[in-house]
Amino acid sequence: MKKSLVALAILAAAGVASAQSSVTLFGVVDAVIQHGSGSGVGSSSKTQLGNSGYNSSRLGFRGTEDLGGGMSASFWLEAGVNNDNGSGANTSTNNQATGATGGGGLTFNRRSTVSLASGLGELRLGRDYTPQFWNQTVFDPFGTNGVGTTQTLVSGLGGATAVRASNSIGYFLPGKLGGFYGQFQHYLGENNQTGAATEDDGKGSAIRLGYANGPVNVALATSSTNFATGDIKSTNLGGSWNFGVAQVMALVTRDKVESLANVTGKGALIGGLVPMGAGQIRVAYSTYKTNAAGTPKSSRIALGYVHNLSKRTALYTTFARVSNSGGAASALNGAVTAANARSTGYDFGIKHSF
């Protein structure tokens, strides 16, 4: 009898524990046929089977534990997957050009964090998106994936932390602030303090503040990162308005590399999403130029369509063309194009999430 009571107590305790915590396996497998072609002297074309044309392919694990009193602890491990060849994706251990590893094994390069949250906000530690990247992807109709990716990111001068940062300490404002949201992040290069000019290489701070309510969403982000090749300061402002029949998006960016050359880059994007029954039309025009010799400039126009077969599976296609001037030679989908020439590309793929 006593053994039965003990067993029942253990089962009850296990039930309480399972109610307070959860672990989820999730992911995306996105395969895409990509083609790119260049023009001019020395140009070439390329056709390949790639990945992440609509959503980034990934495999992840996340979990949350209810600590009581409005507090919770959570973890998030997310790895990029090259499903076209079965390899993992690169990561950067120190936010510097010399810190890239991976590309053959599974690395949690997309996100690797542990956090503590309450009514006061969330404290998050590990590898994560940088505040300066959020506006680039949220206000890009193509979500910075595939051949339609905004030129403000492709040609941008944001350096190794333009998208993610390792060794970061982040704070997120609580969700219930009348539509206001925000994020602060400080990340470390983790170099020995020797007094050398490179001791802060890969170290930086960034902040993002925004407002989202009903059809409107607008956010401002700014960052400053120390690099041995020249400190980079990046600022961007993005916004969107959902009219119901269409959602319009816009973004402006500015990057400055504080080195002997003091190169400055400026970019802009305007685009939209138009629902079409079970599908969606995506369109964007983006441009980026710098004050380097010749004032190189690249502009991209992209048009795409996504057809949702279900909530988890979609077919998609995108066509894009980029034009260059001032010595720029940006090309699409692995093609090579001559300076000041054009490049065209298309994607046709399928995405499944789980």
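Residues numbered from 1 in each chain as written. Predicted model: local features only at pLDDT ≥ 70, side-chain atom pairs only at ≥ 80, totals over all residues. Heavy atoms only, no water.

Chemist: It is not clear to me how the overall build of the protein should be interpreted in this structure. Could you clarify?
Modeler: Within the protein, the secondary structure is distributed over three helices and 20 strands. Its C-alpha radius of gyration of 22 Å places the protein within 12% of the 20 Å reference for a compact globule of 354 residues. C-alpha extents for the protein along the principal axes are approximately 90 × 60 × 45 Å. Residues classed as buried in the protein amount to 41% of the 354 residues present. Considering only intrachain contacts with a sequence separation of at least 6, the fraction spanning at least 24 residues in the protein is 55%. Just so you have it, the protein exposes about 17,200 Å², and 62% of that area is on carbon and sulfur atoms. (Helix = DSSP H or I, 4+ residues; strand = E, 2+ residues; numbered from the N terminus. Rg over C-alpha atoms; globule rule 2.2 N^0.38 Å. Buried < 20%, exposed > 50% of the residue type's maximum accessible area, 1.4 Å probe, protein only. Contact = heavy atoms within 4.5 Å. Areas by Shrake-Rupley, 256 points an atom, 1.4 Å probe, with all protein chains shown as cover.)

Chemist: Please explain the nonpolar core as it appears in this structure.
Modeler: It is characteristic of soluble globular proteins that their nonpolar side chains tend to be buried jointly. In this structure, Phe-142, Val-147, Ala-284, Ala-302, Ala-320, Val-322 and Leu-332 together form the largest nonpolar core, which totals seven residues. The residues touching Phe-142, leaving out its near neighbours within four places in the chain, are Gly-148, Thr-149, Arg-282, Val-283, Ala-284, Ala-302, Leu-303, Gly-304 and Thr-318. (Core = buried A, V, L, I, M, F, W, Y, C linked by side-chain atoms within 4.5 Å.)

Chemist: Sorry if this is basic, but what is going on with the packing of aromatic side chains here?
Modeler: What characterises a pair of aromatic rings is the spacing of the ring centres plus the angle enclosed by the ring planes. Per the stated rule, a full pass over the model turns up six aromatic pairs. Note on Tyr-54 and Tyr-316: the rings are 5.6 Å apart at their centroids and 40° apart in plane angle, and the pair reads as tilted. With Tyr-54 in the loop between strand S2 (45-51) and strand S3 (58-68) and Tyr-316 in strand S19 (residues 313-325), the pair connects residues that are 262 residues apart, well separated along the chain. Look at Tyr-54 and you get buried, because its relative accessible area is 16%. Classification of Tyr-316 by relative accessible area gives buried; the value is 1%. (Phe/Tyr/Trp six-rings, centres within 6.5 Å; stacked < 30°, edge-to-face > 60°.)

Chemist: Looking at this structure, how should I read a positive patch on the surface?
Modeler: Judged by side-chain charge, Arg-254, Lys-266, Lys-289 and Lys-297 come together as a positively charged surface patch. Within the secondary structure, Lys-266 is located in strand S16 (residues 263-276). (Patch = residues over 30% accessible without salt bridge, like charges linked within 9 Å, V, L, I, M, F, W, Y side chains within 5 Å. Salt bridge = Lys/Arg side-chain N within 4 Å of Asp/Glu carboxyl O. Lys, Arg positive; Asp, Glu negative; His and termini not counted. Charge placed at Lys NZ, Arg CZ, Asp CG, Glu CD.)

Chemist: Quick question: what am I supposed to make of the pattern of salt bridges here?
Modeler: Pairing between side chains becomes possible if they bear opposite charge and their charged atoms approach one another. What the rule picks out here adds up to five salt bridges. Among the salt bridges present, the one from Arg-110 reaches Glu-78, with a minimum N-O distance of 2.6 Å. Placement of the pair is Arg-110 in the loop between strand S7 (100-101) and strand S8 (111-118) and Glu-78 in strand S4 (residues 71-82), with a sequence separation of 32 residues. Both residues of the pair, Arg-110 and Glu-78, count as buried. Between Arg-124 and Glu-122 there is a salt bridge, and its shortest N-O distance comes to 3.0 Å. Of the two residues examined, Arg-124 and Glu-122, each falls in the buried class. Bridged by salt links that share partners, the residues Arg-58, Glu-78 and Arg-110 form one connected network.

Chemist: Just to check I follow, could you spell out the pairing of S4 for this structure?
Modeler: Regular strands have side chains that alternate between both faces of the sheet. Where S3 and S4 come together, ten bridges link them in antiparallel fashion. By the bridge assignment, Thr-64 is partnered in S4 with Ser-74. Here seven bridges tie S4 to S8, and the two strands are oriented antiparallel to one another. Residue pairing for S8: Ser-74 is matched across the bridge by Ser-115. Two strands pair when backbone bridges link them, and S4 and strand S5 (residues 87-88) are joined in this way by two bridges, in the antiparallel orientation. Bridging from a neighbouring strand, Val-81 pairs with Gly-88 of S5. A loop of four residues connects S4 with S5, the two strands running antiparallel in sequence, and Gly-86 in this loop sits at a positive phi of about 85°. (Pairing = 2+ DSSP bridges.)

Chemist: Can you walk me through helix H2 (residues 131-138) in this structure?
Modeler: Of all the eight residues making up H2, six are buried; the element is thus mostly covered by neighbouring parts of the structure. For H2, the complete set of buried residues consists of Pro-131, Gln-132, Phe-133, Asn-135, Gln-136 and Thr-137.

Chemist: Got a minute to help me understand the confidence of the model for the protein in this structure?
Modeler: Detailed reading of the predicted coordinates is not advisable wherever pLDDT is low. Of all residues in the protein, 93% attain a pLDDT of 70 or more, and the chain-wide mean is 93. Low confidence marks residues 1-19, where pLDDT is under 50. Its contacts with residues over four positions away, or in another chain, come to zero contacts. (pLDDT = per-residue confidence, 0-100.)

Chemist: When you look at the side chain of Ser-223 in this model, what are you seeing that I'm missing?
Modeler: Mapped onto the secondary structure, Ser-223 falls in strand S13 (residues 216-226). A polar contact is formed between the side chain of Ser-223 and the side chain of Gln-132, at a distance of 3.4 Å. With residues near it in sequence (within four places) discarded, Ser-223 still touches Gln-132, Tyr-187, Ser-205, Ala-206, Ile-232, Lys-233 and Ser-234. (Polar contact = N/O pair within 3.5 Å; in protein donor to acceptor, adjacent residues only side chain to side chain.)

Chemist: Which parts of the structure should I look at to understand the environment of Ala-314?
Modeler: Position of Ala-314 among the secondary structure elements: in strand S19. Put simply, Ala-314 and Gly-121 are 193 residues apart on the chain and 35 Å apart in space, counted from C-alpha to C-alpha. If near-sequence neighbours (up to four positions away) are discounted, Ala-314 is found in contact with Tyr-54, Val-306, His-307, Asn-308, Leu-309, Gly-349, Ile-350 and Lys-351.

Chemist: Before we go on, may I ask you to explain the environment of Ser-240 in this structure?
Modeler: Looking at where Ser-240 falls in the secondary structure, it is placed in strand S14 (residues 231-242). Ser-240 gets classed as buried once you look at its relative accessible area, which sits at 8%. Put simply, Ser-240 and Ser-43 are 197 residues apart on the chain and 37 Å apart in space, counted from C-alpha to C-alpha. Excluding its chain neighbours within four sequence positions, the residues that come into contact with Ser-240 are Phe-139, Pro-215, Val-216, Asn-217, Gln-247, Val-248 and Met-249. A distance of 3.5 Å separates the side chain of Ser-240 from the side chain of Gln-247, its partner in a polar contact.

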